[in-house]
Amino acid sequence: MSHTPPEDKGLDPLMLRDQLFGLWNQNHLQVLHLAAIQGFSKLAEPHEALLTILESCPGKQKGRSHTLGYHILMDFQAWIKERPQVSLSSFSVHKVVGLQRRALDLLTDTQPTFVDSLIDIYKLRSLDPSILRLHIVKLQALNCYKEAVTLSINFGLQTELKAEEMLVPLVLQDKLPLAESFVKGHSHLQQQLVMLLDSWCHPQFRVEDLRKQFPRLSLSKHYSAQIQPKIITKHIFRLIEKFKIDQSLCPNALHKRRLDCLRYLMFKTFVEKTMAEENWTDHMQYVVADDLQLQVHLVEMLVKYCGLQKASQWSLRYNIPKNRLPPGVWETQQSLPPDLQQICLNDITHEEWVPPQSHCQRFYQVPLAKDKVHFVDSAETLHRCRSVVLKEGVVVGVDMEWQPTFGRVAAQKVALVQLAVLDQVFLLDLCAGGFCEQPDLVGFIRTLFSERNILKLGYSMTGDLKCLTATWRELSEEPLKTEGLLDLLRVHQKIQCGRINQVQNGPREVLVCENSAEKGLSLLVQQVLGKPLDKTEQMSNWERRPLRISQIRYAVADAYCLLDVYSTLSSNPASFGLPADLRSITSGQSKTSKEKKQKVKRDKKTAQATGQEECQGAQRVSLPHSDTVKGLLCGESPSEDSPPLTPQQLRVVCDNMLQGLGRYLRCLGVDVVMLENTDDHRVAAKLAQAEGRVILTCGQPFQTLRSQVGEGCCLSLDCSEKARDQAVRVLKHFNVQPTPSDIFSRCQACNSDQYAAIPRADMVAMLKEKGFLQDHNNTDHMFEKSCQQEELWLDDTLTPSVTPEPPRYATQCRWASLSGLDRDTMTFPGGSPIQLHTVPPALLQRIPLFYVCTRCGKVFWEGSHFGHVLSLFQEVLLITDDDSISAARPLTLAQSK
């Protein structure tokens, strides 16, 4: 079938391409569209001509969201839809396969619309699967892993390809969502993905093994840093829940999570001392279970935190082999009397309802006697509860307790529901035998939460409602309707916002409540009622019965305090910066939050389209700020009325995902503590509280850490940014203005700001004394010769005969006298030995003065690093005329490797 009149041989495709390319360069897209439509009608073989044009089109160009080929293809698809007679059916089978093969070679464009259109126009799904598989293998050989996976999904070839070869490159290149799309709808592939990730959590796993397996794959430092058990484990458990996979298929991730839980429980109980030892015992039995390796870890940590006796008791309980015990534990076992060889695991000690006087003076107390607290665990007690709680106009404090998820994967289910009214509290015991299945119980819950005329008070109710839905399947099938619910978290945010707005001088707004050890509801109770809540029982075993008196007291206080807080705020809302109607805060806050999310999404799209940078850090700050502070959060220049800070005034703790950022900030003189890769994120919160530091983090830990420190003491950054850009963002955020004299004023290795200056002669003597300069005569000859040469080619720069000038950062740090050096151990008081082995002997010929960190012993000298740092941070450095002059001198810092 001919598509053009016989007398017309058709338009040359290359001429049409040149015409369209000219219009494309002139950015005349509308004219290009018309020219393409007209040109297609003049082609003798449109399908073949289209491929010829697309094959010679330029690729992606900066500043343009689409390619020329994309525009031509979209126009062709629109043109051919109106001309059904133009089809592949007029060609021979051999000709069609040839065109389809050529079309396959063009399927490297990452835009889904382009790919789908090409597949549709050339009917590529009808190709022999073996040809498609071969093409996908070819793409992999070209390192086009993303394109290979995208095509395999489009053609439905996932089950016919080697899953590991498809998935590993994606995960390594931080494209896990695409890997999830690859396995979607294929349960065995989903299991393979999860098991693959789990194998990366094995203690003996090394990223280098993957590099050998995929030698052509380019792995950046950023992506390599993401392949660590802590991050991978989070992905594994998310996928287990998403794909409904048996967690027994992931032994390494389970072990990693349980080990992290063990460390966390030890920290909470024996370091932070915020968990009762009874609760620790309950949770520890579940976490350790019958895992011998975890049992050994437990005993080792008990030796460290509690001593040999407690470690010996637990080692006896688990019957740990002698050869796996830490030193001293076996001997302590043998000396323990029989009455101390057993651990009392379920010892419920007698407790009084009224706590000790010291407790009453320190914490909020419920003004109710014990007989005003009623357990609801039967149909009769439920009826009594209904008659009191479901009265019109009543105010009810609502709270819930559930078992903490230490090493668990299953959804949390509510164990206890607390309902507090003015003169009594009802405790719905969902763990009581058969009570959870009471037919009237779910109906009561629905009625309570849907009744508009009953005011329900809660704090951060989202988590409570989620667990409530997981408790009853009926609530998943027919979602719970909520009316008349006031979440005091919104009210608390409003109060905090008012407090922030009262603070002046820009950057200090970030440090509101920086010294408060309380958070969440306990902080609100302290701010409104004067005393915080006792949260010791917060992470109790809420499924064990009977509950201890201290647990019941805690549960009652958590619900009843909501009534007292609401009453106090309602009586004088203006003093807390609140509107007269507290209920109006919820809807207004919700709307504002929704609008903010929509604005963030719009801004993100705009930034991506125009190539502008996003301000991820600003989007994670929880409360609204003034225009000045918003500018700071977005990395803009500080306003004139915002006093600048020196680097020494900023004290931060960097999460283990931001170690590169931490090193840059230290480089500029900021006081930085960096977590190790093995540290739990919560260590950052502990350091922030104890030392008045601001937490710098990124990703998921932000929400957890923010809730553990004072408002504004936690800043989230964009993990995808380079460390240098993150450092600039932090400096502008806090209005820190470093000067060239701040550069290298802190040791980049240990954060110390104390150095000792060691002249060349002393350094030579030390190296000889410790045997690092073996050929003394030859060294002395070279040294003498180099000194003579220096005088010739350094002119009036530093020479051995002139006292070396102190470094530019001398005024920003402390200096120790050499008289404090112990020449036998080569250490300063409280420090490590000087790292003499890192000093290359060749440096002695040209370096007149060395600088030693008195804490870690690292050796520094003038080199080329200063100029590099100066050029990196020019936009934030405060450079005076004196700095400009001194910067011309070739005095820059290097360090021992």
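From a predicted model like this one, the values you see are computed outputs, not experimental measurements.

### Here's the deal with helix 34 (residues 723–733)
Taking burial as the measure, the 11 residues of helix 34 include 9 buried ones, the bulk of the element. Restricting attention to buried positions, one finds in helix 34 the residues Arg 724, Gln 726, Ala 727, Val 728, Arg 729, Val 730, Leu 731, Lys 732 and His 733. Of the residues one or two after helix 34, Asn 735 is the one with positive phi, at around 60°.

### Observations concerning the packing of helix 3 (residues 46–55) against helix 5 (residues 93–105)
Axes are the key here: two packed helices are described by the angle between their axes and the distance separating the axes. The geometry of helix 3 relative to helix 5 is characterised by a closest axis approach of 10 Å and an angle of 25° between their N-to-C directions. Comparing their axes, helix 5 and helix 3 come out roughly parallel. Helix 3 and helix 5 meet at a crossing whose hand is left-handed. Here His 47, Glu 48, Leu 51, Thr 52 and Glu 55 of helix 3 come into contact with helix 5, specifically with Lys 95, Leu 99, Arg 102 and Ala 103. The residue inventory of the contact of helix 3 with helix 5, partitioned by class, reads 3 nonpolar, 2 polar and 4 charged.

### Concerning the environment of Asn 279
Residue placement: Asn 279 occurs in helix 16 (residues 277–288). Considered as a pair, Asn 279 and Ser 540 are 261 residues apart in the sequence and their alpha carbons are 5.1 Å apart. Not counting the four nearest positions on each side in its chain, Asn 279 is found in contact with Thr 536, Glu 537, Met 539, Ser 540, Asn 541 and Arg 548. Here Ser 540 takes part through its side chain, which lies 3.2 Å from a polar atom of the side chain of Asn 279. In this structure the side chain of Asn 279 is engaged in a polar contact, spanning 2.6 Å, whose partner is the side chain of Arg 548.

### Considering helix 16
Between its terminal C-alpha atoms helix 16 stretches 16 Å, which fits the 16 Å expected from 12 residues at 1.5 Å a residue. On its buried face, helix 16 sits against helix 15 (251–271), helix 17 (292–305) and helix 18 (308–318). Two residues or fewer after helix 16 comes Ala 289, characterised by a positive phi angle close to 50°.

### Remarks on the side chain of Asp 558
Turning to its location among the elements, Asp 558 is positioned in helix 27 (residues 549–571). In this structure Asp 558 comes out as buried when scored by relative accessible area, which is 5%. If near-sequence neighbours (up to four positions away) are discounted, Asp 558 is found in contact with Asp 399, Glu 401, Gln 418, Leu 521, Leu 533 and Lys 535.

### Digging into the nonpolar core
Formed by 87 residues in total, the largest nonpolar core has its most connected members in Tyr 122 and Trp 200. In terms of residue count, the dominant contributor to this core is helix 4 (residues 68–81) (8 residues). Leaving out residues up to four positions away in the same chain, Tyr 122 has contacts with His 47, Leu 50, Leu 51, Leu 88, Leu 99, Gln 100 and Ala 103. Ranked by size, the runner-up nonpolar core spans 41 residues in total, among them Trp 353, Val 528, Tyr 566 and Leu 578.

### Some remarks on the sheet that holds strand 9 (residues 694–697)
With parallel pairing, 4 strands are arranged side by side in an open sheet as 8-7-9-10. In this open sheet, the two strands that pair with only one neighbour each are strand 8 (671–674) and strand 10 (714–716). Each strand of the sheet is rotated relative to its neighbour by a mean of 25°, with strand direction disregarded. The pairing of strand 7 (residues 651–654) with strand 9 spans 3 bridges and is parallel. Its bridge partner lying in strand 9, Cys 654 is registered against Leu 696. Its contacts with the sheet place helix 31 (residues 659–667) against strand 7, strand 8 and strand 9, and it is angled at close to 155° to strand 8. Contacting strand 7, strand 8 and strand 9, helix 32 (residues 682–691) runs over the sheet at an angle of about 170° to strand 7.

### Side note on the packing of helix 14 (residues 229–243) against helix 15
Two elements in contact, helix 14 and helix 15, have axes separated by 10 Å at closest approach and are oriented at 115°. Between helix 14 and helix 15, the angle falls in the class roughly perpendicular. The handedness of the crossing between helix 14 and helix 15 comes out as left-handed. Counted together, Pro 229, Lys 230, Thr 233, Ile 236 and Phe 237 of helix 14 and Ala 253, Leu 254, Lys 256 and Arg 257 of helix 15 form the full contact between these two elements. When grouped by side-chain class, the residues that make up the contact of helix 14 with helix 15 number 5 nonpolar, 1 polar and 3 charged.

### Digging into the confidence of the model for the protein chain
Per-residue confidence for the protein chain gives a mean pLDDT of 81; residues scoring 70 or more make up 82%. Ignoring residues within four places in sequence, the model shows residues 587–593, a span with pLDDT below 50, making 2 contacts including any to other chains. Note on residues 782–804: pLDDT is under 50 here. Beyond four places in sequence and across chains, it has 18 contacts.

### Some remarks on the side chain of His 47
Here His 47 is to be found in helix 3. Since its relative accessible area comes to 2%, His 47 is described here as buried.

### Remarks on the packing of aromatic side chains
Counting across every chain of the model gives 13 aromatic pairs. A ring pair is formed by Trp 542 and Tyr 554, whose centres lie 5.9 Å apart and whose planes are at 35°; its orientation type is tilted. Note that Trp 542 is positioned in the loop between helix 26 (520–529) and helix 27 and Tyr 554 in helix 27, a separation of 12 residues in sequence. For Trp 542, a relative accessible area of 0% puts it in the buried group. Overall, the relative accessible area of 6% leaves Tyr 554 in the buried class. Note on Phe 850 and Trp 861: the rings are 6.2 Å apart at their centroids and 70° apart in plane angle, and the pair reads as edge-to-face. With Phe 850 in strand 13 (residues 849–853) and Trp 861 in strand 14 (residues 859–863), this pair connects stretches of sequence that are 11 residues apart. Taken individually, Phe 850 and Trp 861 each receive the classification buried, so the pair is uniform in this respect. Aromatic rings pair up to connect Phe 270, Trp 280, Trp 314 and Tyr 318 into one cluster. Residue placement shows Arg 258 over the ring face of Tyr 286; its charged tip is 5.1 Å from the ring centre. Looking at Arg 317, its charged tip hangs above the ring of Tyr 318, at a distance of 5.4 Å from the centre.

Each value, and the rule that gives it
Residues numbered from 1 in each chain as written. Predicted model: local features only at pLDDT ≥ 70, side-chain atom pairs only at ≥ 80, totals over all residues. Heavy atoms only, no water. Buried < 20%, exposed > 50% of the residue type's maximum accessible area, 1.4 Å probe, protein only. Helix = DSSP H or I, 4+ residues; strand = E, 2+ residues; numbered from the N terminus. Axes fitted to C-alpha atoms, helices over the stretch in contact; angles between N-to-C directions. Parallel < 35°, antiparallel > 145°, perpendicular 65-115°, else oblique. Left-handed = near helix turned anticlockwise from the far one by under 90°. Contact = heavy atoms within 4.5 Å. Nonpolar A, V, L, I, M, F, W, Y, C, P; charged D, E, K, R; others polar. Polar contact = N/O pair within 3.5 Å; in protein donor to acceptor, adjacent residues only side chain to side chain. Expected span 1.5 Å × (residues − 1). Core = buried A, V, L, I, M, F, W, Y, C linked by side-chain atoms within 4.5 Å. Pairing = 2+ DSSP bridges. pLDDT = per-residue confidence, 0-100. Phe/Tyr/Trp six-rings, centres within 6.5 Å; stacked < 30°, edge-to-face > 60°. Lys NZ or Arg CZ within 6 Å of the ring centre and 35° of its normal.

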